[in-house]
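Here are the chains, one letter per residue:
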Amino acid sequence: MPVFLSRYLLVLVAVASLGAFAAVRAVGGPLEPVVLLASAVTLLLASVMERHFPYRATWNQPNGDRATDWASAAAMVAVVEPMLKLLGTLTMVAVYGHNSGGEGSAWLQSLPFVLQVVLAALLIEFGKYWSHRLHHQVRALWWLHAMHHSSERLYALNNLRFHPLNHIINFAVSMLPVMLMGFSAEAILGYLALSQPVLMLQHANLDLRSGWANYVFSTNELHRWHHSTESAEADANFGSAFILWDQVFGTFRYQPGQNDPARVGLFASTTDYPAQAGYWTQLNSMFLPGCCRA
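Values in this document were obtained by computation on a predicted structure and should not be read as measured data.

Regarding the side chain of D69
Here is step 1: Within the secondary structure layout, D69 lies in helix 3 (residues 66-96).
Here is step 2: On the basis of relative accessible area, D69 is assigned to the buried category, the value being 0%.
Here is step 3: Here Y155 takes part through its side chain, which lies 2.5 Å from a polar atom of the side chain of D69.
Here is step 4: A polar contact is formed between the side chain of D69 and the side chain of R161, at a distance of 2.6 Å.
Here is step 5: In contact with D69, not counting residues within four places along its chain, are Y155, L157, N158 and R161.

See the structure below:
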């Protein structure tokens, strides 16, 4: 992989997304399509590049997981995300009514826009961090999260392999509180404009060497540790798009030039999870008798 791309790809896509967001906001254009387009383009770019510059060539070979990944991606994009958007809107209407943004919105929205985005990012990432960490510590929640860890390779589409309930819980403890506090939709979209391209590269099978950016973003270098089959390695780097809260709470793991767990996949203690089964079997396994025994 060209050295320049290896070092700066993540920063370049993040800056490009933010630049497009700022340009459209400056002319009063619609911001949500900018975020969606940046996400889609980054995911497509990663999918193409990993065919030519793979971190591990074996990770480009399907091992019976492709149908599960595509089914999950379709469910997330076509069902779960639209449902959560509707749920968020209905919750805001129920709490504040049609014409009120909440008592906190006036002073929040009086702050400089960049500061609004930073505060929203800190709070959203805090909720996502603790939701993710608890999904590793609570057996019933781990059973939901095991779908995400069940793949034995990492490539771009893995980012969309999630149990819907796992994703809904993440939303409920991160995005929803920020919405209810009165942050503007623009501020939340500003956070997404920066975070989504990072997430689209997080599972990419690319040999990125992002250097200093590993101390800011949850890069694919850091995230490989999180998918290790060794719990001592995997119980780290819980941050969503940023790694700040891992550094605060002591779960940050980074070894420059050596971020290479021997294997990725489920822990040995999760042998009863149907890791090799299809999407619907994994989805429904949560509701079967004895699913979450210790």
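Some words on the environment of F162
Here is step 1: As for its placement among the helices and strands, F162 is situated in the loop between helix 6 (139-149) and helix 7 (164-173).
Here is step 2: The spatial distance from the C-alpha of F162 to the C-alpha of A146 is 8.7 Å, given a sequence separation of 16 residues.
Here is step 3: Residues contacting F162, with those up to four places away along its chain left out, are S72, M76, H145, M147, H148 and N170.

Some details on the nonpolar core
Here is step 1: Membership of the largest hydrophobic core comes to 51 residues, with the highest contact counts inside it found for L9, F21, I188 and F217.
Here is step 2: Contributions of two or more residues to this core are made by helix 1 (3-26), helix 2 (32-52), helix 3, helix 5 (113-137), helix 8 (175-181) and helix 9 (185-201).
Here is step 3: Per-element tally for this core: the top contributor is helix 9, with eleven residues.
Here is step 4: Ignoring anything within four residues of it in the chain, the contact list for L9 reads M1, F4, L45, M49, L201, L206 and L208.
Here is step 5: Core analysis: the second largest hydrophobic core is formed by 15 residues, A75, F267, Y273 and C291 among them.

Remarks on the packing of aromatic side chains
Here is step 1: On inspection of all chains with the given rule, the structure shows 18 aromatic pairs.
Here is step 2: Plain terms: the ring middles of F126 and W245 are 5.1 Å apart, the flat faces sit at 75 degrees to each other, and that makes the pair edge-to-face. Pair noted here: F126 is in helix 5 and W245 is in helix 12 (residues 244-249), with a separation of 119 residues, a long-range link.
Here is step 3: The class of F126 is partly exposed, set by a relative accessible area of 36%.
Here is step 4: Ring geometry for Y129 versus F238: centroids 5.9 Å apart, planes at 90 degrees, classification edge-to-face. Of the two residues, Y129 sits in helix 5 while F238 sits in the loop between helix 11 (231-234) and helix 12, which places them 109 residues apart along the sequence. Here Y129 and F238 have matching classes, each one buried.
Here is step 5: Among the aromatic side chains, those forming a connected cluster through ring pairs are F126, Y129, W130, F238, W245 and F249.

Quick word on helix 9
Here is step 1: Spanning 17 residues, helix 9 covers 24 Å between terminal C-alpha atoms, matching the ideal 24 Å at 1.5 Å per step.
Here is step 2: Along helix 9, the sharpest change in direction is near 30 degrees and occurs at S195; proline P197 comes one to four residues later.
Here is step 3: Within helix 9, 15 of the 17 residues are buried, leaving the element largely enclosed by the surrounding structure.

Concerning a nonpolar patch on the surface
Here is step 1: A grouping of V114, L115, V118, L122, F126, L244, V248 and F249 is seen on the molecular surface, where their side chains present a nonpolar patch of about 640 Å² in accessible area.
Here is step 2: Those elements that provide at least two residues to the nonpolar patch are helix 5 and helix 12.
Here is step 3: The leading source of residues in the nonpolar patch is helix 5, at five residues.

Quick notes on helix 2
Here is step 1: Across its 21 residues, helix 2 extends 31 Å between first and last C-alpha, which sits within 8% of the 30 Å expected from 1.5 Å per residue.
Here is step 2: Those residues of helix 2 lying buried are V34, V35, A38, S39, T42, L43, A46, M49 and E50. Axial view of helix 2: buried residues confined to an arc of 160 degrees, hence all on one face. Exposed and oriented more than 90 degrees from the buried face of helix 2 are L36, L37, L44 and H52.
Here is step 3: Considering only its buried residues, helix 2 is in contact with helix 1 and helix 9.

Cut-offs and rules
- Residues numbered from 1 in each chain as written.
- Predicted model: local features only at pLDDT ≥ 70, side-chain atom pairs only at ≥ 80, totals over all residues.
- Heavy atoms only, no water.
- Helix = DSSP H or I, 4+ residues; strand = E, 2+ residues; numbered from the N terminus.
- Buried < 20%, exposed > 50% of the residue type's maximum accessible area, 1.4 Å probe, protein only.
- Polar contact = N/O pair within 3.5 Å; in protein donor to acceptor, adjacent residues only side chain to side chain.
- Contact = heavy atoms within 4.5 Å.
- Core = buried A, V, L, I, M, F, W, Y, C linked by side-chain atoms within 4.5 Å.
- Phe/Tyr/Trp six-rings, centres within 6.5 Å; stacked < 30°, edge-to-face > 60°.
- Expected span 1.5 Å × (residues − 1).
- Bend = angle between axes of the 7 residues up to and from the residue.
- Patch = residues over 30% accessible without salt bridge, like charges linked within 9 Å, V, L, I, M, F, W, Y side chains within 5 Å.
- Areas by Shrake-Rupley, 256 points an atom, 1.4 Å probe, with all protein chains shown as cover.
- Salt bridge = Lys/Arg side-chain N within 4 Å of Asp/Glu carboxyl O.
- Arc of directions from axis to C-beta.

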